[in-house]
Amino acid sequence: FFFQAEDGIRDRDVTGVQTCALPISLGLYAFAYLTLHWIAYAFLDVQLDLAELMKDLLKRPYIYLGMTALVLMIPLAITSTKAMIRRLGRNWSRLHRAVYVVAVLGVVHYGMAVKKDLTDPITWAVVLTVLFAWRLAQWNRRRAAAPQAA
């Protein structure tokens, strides 16, 4: 989910170097990880038994959050090609703002799944908060610099 939060970084934001392909690649790696994580759960934990999955969902609500994050990542992965970016135009950015929801779902999923030591989930929550604050500051800076319509 850290990589998903990084998806908001655009060209030359951090290093001054052209980085447009980086966020897309990181987002696709995150989607691949989520998919493999779900496959491992489906095969190893519930043995593809739908009844067992339903019992597990009632017993462990954090699984809903993880599955929701995975479902939200599907359209993001599908629309991460250059052709889809061109086809969607400005709507591509609007659609890909869902990555922020996915990142929050990932942190909460991780926090709820951990049994004893919450150090790692809290660390990731802090990292995500810092990244969100940075993006918000960047958005405010751009908004303030934009000419005001009369």
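Residues numbered from 1 in each chain as written. Predicted model: local features only at pLDDT ≥ 70, side-chain atom pairs only at ≥ 80, totals over all residues. Heavy atoms only, no water.

A. Local environment of unusual backbone geometry. For Gln-47, which is not glycine, the phi dihedral falls at a positive 50°. Relative to the elements of secondary structure, Gln-47 occurs in the loop between helix H2 (21–45) and helix H3 (50–59). Judged by its relative accessible area of 52%, Gln-47 falls in the exposed class. Its identity is not glycine, yet Leu-48 carries a phi of approximately 55°, on the positive side. Along the chain, the position of Leu-48 falls in the loop between H2 and H3. (Helix = DSSP H or I, 4+ residues; strand = E, 2+ residues; numbered from the N terminus. Buried < 20%, exposed > 50% of the residue type's maximum accessible area, 1.4 Å probe, protein only.)

B. The arrangement of the nonpolar core in detail. Counting residues in hydrophobic clusters, the biggest one holds nine residues: Ala-30, Leu-34, Ala-69, Leu-70, Met-73, Leu-76, Val-99, Val-102 and Leu-105. Elements supplying a minimum of two residues to this core: H2, helix H4 (62–78) and helix H7 (98–113). Sort the elements by how many residues they give to this core and H4 lands first, with four residues. Counting seven residues, the second largest nonpolar core, distinct from the first, contains Tyr-41, Leu-53, Tyr-62 and Met-67. (Core = buried A, V, L, I, M, F, W, Y, C linked by side-chain atoms within 4.5 Å.)

C. Molecular detail of the packing of H3 against H4. Viewed as axis vectors pointing N to C, H3 and H4 meet at an angle of 110°, and their least axial separation amounts to 6 Å. Of the possible angle classes, the one that applies to H3 and H4 is roughly perpendicular. Residues Leu-53, Asp-56 and Leu-57 of H3 form the contact with H4, whose own contacting residues are Ile-63, Tyr-64 and Met-67. (Axes fitted to C-alpha atoms, helices over the stretch in contact; angles between N-to-C directions. Parallel < 35°, antiparallel > 145°, perpendicular 65-115°, else oblique. Contact = heavy atoms within 4.5 Å.)

D. Quick peek at the packing of H7 against helix H8 (residues 119–145). For the pair H7 and H8, the least separation of the axes is 9 Å and the interaxial angle reads 165°. With respect to H8, the element H7 is oriented roughly antiparallel. As for how H7 packs across H8, the hand of that crossing is left-handed. Packed against H7, whose contacting residues are Tyr-100, Ala-103, Val-104, Val-107, Tyr-110 and Gly-111, the element H8 presents Asp-120, Pro-121, Trp-124, Ala-125, Leu-128, Phe-132 and Arg-135 at the interface. When the residues that make up the contact of H7 with H8 are grouped by side-chain class, the tally is 10 nonpolar, one polar and two charged. (Left-handed = near helix turned anticlockwise from the far one by under 90°. Nonpolar A, V, L, I, M, F, W, Y, C, P; charged D, E, K, R; others polar.)

E. How the structure looks around a nonpolar patch on the surface. Taken together, the side chains of Leu-36, Trp-38, Ile-39, Phe-43, Leu-44 and Leu-48 make up a nonpolar region of the molecular surface, amounting to roughly 630 Å² of accessible area. Position of Leu-44 among the secondary structure elements: in helix H2. (Patch = residues over 30% accessible without salt bridge, like charges linked within 9 Å, V, L, I, M, F, W, Y side chains within 5 Å. Areas by Shrake-Rupley, 256 points an atom, 1.4 Å probe, with all protein chains shown as cover. Salt bridge = Lys/Arg side-chain N within 4 Å of Asp/Glu carboxyl O.)

F. Focus on the packing of aromatic side chains. Tallied over the entire structure, the rule returns one aromatic pair. Consider the rings of Tyr-100 and Phe-132, whose centres lie 5.4 Å apart with planes at 70°: the pair is edge-to-face. Here Tyr-100, found in helix H7, pairs with Phe-132, found in helix H8; they are 32 residues apart in sequence, far enough to count as distant. (Phe/Tyr/Trp six-rings, centres within 6.5 Å; stacked < 30°, edge-to-face > 60°.)

Bear in mind that shape data such as this cannot, by itself, settle questions of function.
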